[in-house]
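Observations on the three-dimensional arrangement
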Amino acid sequence: MASAAISRGEILHLYRSLLRTARQFCDYNIREYTKRRTIDAFRQNQNLTDSSAISAAYSDGKSQLDVAKRQAIVYSLYAPTIKSVMEAKSI
């Protein structure tokens with residue numbers, strides 16, 4: 001895929017997929033870290049103009065998505081029984 005130009009739609013799809021995957025984490029801290037890391041990485045790379053740099057960033061994002069999906073499954077198997085203070089509903 002490095003030789004083909006990556007469209008804006010593909011990049012937006014990757015961004016949304018990463019954010020959707022972040023929502024699957026049971027633990028508040030992991031979920032928020034994954035969301036924050038995704039947003040920060042896309043902001044850092046938003047001004048890339050070189051097609052090879054864009055392809056490299058896209059490939060890195062795809063690999064990060066694969067890792068996040070695997071980790072979400074593993075974390076769901078060992079979900080904490082006690083909610084974080086940030087997730088507790090106030091009375």
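Above this text is the structure in question.
Notes on the structure follow. Position labels on residues start from 1 in each chain and follow its written sequence. Per-residue local features of the predicted model are confined to residues with pLDDT of at least 70, and side-chain atom pairs are confined, for both listing and counting, to 80 or more; whole-chain, interface and lining totals are unaffected and use all residues. To get the side-chain values, all heavy atoms of the structure are used, and hydrogens and water are removed first.

1. Focus: the overall build of the chain
Counted only if it meets this: Going along the chain from the N terminus, every DSSP run of H or I of four or more residues is numbered as a helix, and every run of E of two or more is numbered as a strand. Here, Shrake-Rupley sampling with a 1.4 Å probe gives the accessible areas, and only protein chains in the shown set may cover a residue.
Summing up its helical and strand segments, the chain has 3 helices and 0 strands in all. Ordered by position from the N terminus, the helices and strands of the chain form the series α-α-α. Its C-alpha atoms give the chain principal-axis dimensions of roughly 50 × 25 × 15 Å. Accessible surface computed for the chain: about 7,000 Å², of which carbon and sulfur atoms make up 54%.

2. A look at the nonpolar core
The nonpolar side chains of soluble globular proteins are, as a tendency, buried together. Using the following cut-off: Joining through side-chain atoms within 4.5 Å is the link that ties buried Ala, Val, Leu, Ile, Met, Phe, Trp, Tyr and Cys residues into a set, and such a set is a nonpolar core. Burial classification: accessible surface area is computed with a 1.4 Å probe over protein chains only, and a residue below 20% of its type maximum counts as buried, one above 50% as exposed, and the rest as partly exposed. Residues count as neighbours in contact if any of their non-hydrogen atoms are within 4.5 Å of one another.
Judged by nonpolar contacts, Ile6, Leu14, Leu18, Tyr58 and Leu65 together constitute the single largest core of 5 residues. Among all residues touching isoleucine 6, those that are not within four sequence positions of it are Ile11, Ile54, Ser55 and Tyr58.

3. Describing a positive patch on the surface
Selection criterion: What makes a patch is a set of residues exposed beyond 30% relative accessible area and free of salt bridges, joined within 9 Å when like-charged and within 5 Å when nonpolar (Val, Leu, Ile, Met, Phe, Trp, Tyr). Salt bridges are defined as contacts in which a side-chain nitrogen from Lys or Arg sits within 4 Å of a carboxyl oxygen from Asp or Glu. Counting rule applied: Lys, Arg positive; Asp, Glu negative; His and chain ends not counted. A charge is said to be at NZ when it belongs to Lys, at CZ for Arg, at CG for Asp and at CD for Glu.
Taken together, the side chains of Arg16, Arg20, Arg23, Lys62 and Lys69 make up a positively charged region of the molecular surface. Broken down by secondary-structure element, the contributors of at least two residues to the positive patch are α1 (8–23) and α3 (51–77). Per element, the largest residue contribution to the positive patch is 3 residues, and it comes from α1. Given the relative accessible area of 46%, arginine 16 is considered partly exposed.

4. Observations concerning the pattern of salt bridges
In the structure shown here, the tally under the stated rule is 1 salt bridge. Lysine 35 is the partner of glutamate 32 in a salt bridge, and the nearest nitrogen-oxygen pair spans 3.2 Å. Pair noted here: glutamate 32 and lysine 35 are both in helix α2 (residues 28–44), with a separation of 3 residues, about one helical turn. Classification of glutamate 32 by relative accessible area gives partly exposed; the value is 24%. In this structure lysine 35 comes out as partly exposed when scored by relative accessible area, which is 29%.

5. Side note on the packing of aromatic side chains
Note the following rule: Stacked, edge-to-face and tilted are the three classes for Phe, Tyr and Trp ring pairs, Trp counted by its six-membered ring, which pair at centre distances within 6.5 Å; planes under 30 degrees apart are stacked, over 60 edge-to-face, the rest tilted.
Overall, the coordinates contain 2 aromatic pairs when judged by the stated rule. Pairing tyrosine 15 with phenylalanine 42 gives two aromatic rings, centres 4.9 Å apart and planes at 65 degrees, and the pair type is edge-to-face. One end of the pair, tyrosine 15, is in helix α1; the other, phenylalanine 42, is in helix α2, and 27 residues separate them in sequence. Given the relative accessible area of 25%, tyrosine 15 is considered partly exposed. A residue is classified by how much of its surface remains accessible, and phenylalanine 42, at 23% relative accessible area, is partly exposed. Relative to tyrosine 75, the ring of phenylalanine 25 lies with its centre 5.6 Å away and its plane at 80 degrees, an arrangement referred to as edge-to-face. With phenylalanine 25 in the loop between α1 and α2 and tyrosine 75 in helix α3, this pair connects stretches of sequence that are 50 residues apart. Under the relative-accessibility criterion, tyrosine 75 is labelled partly exposed at 32%.

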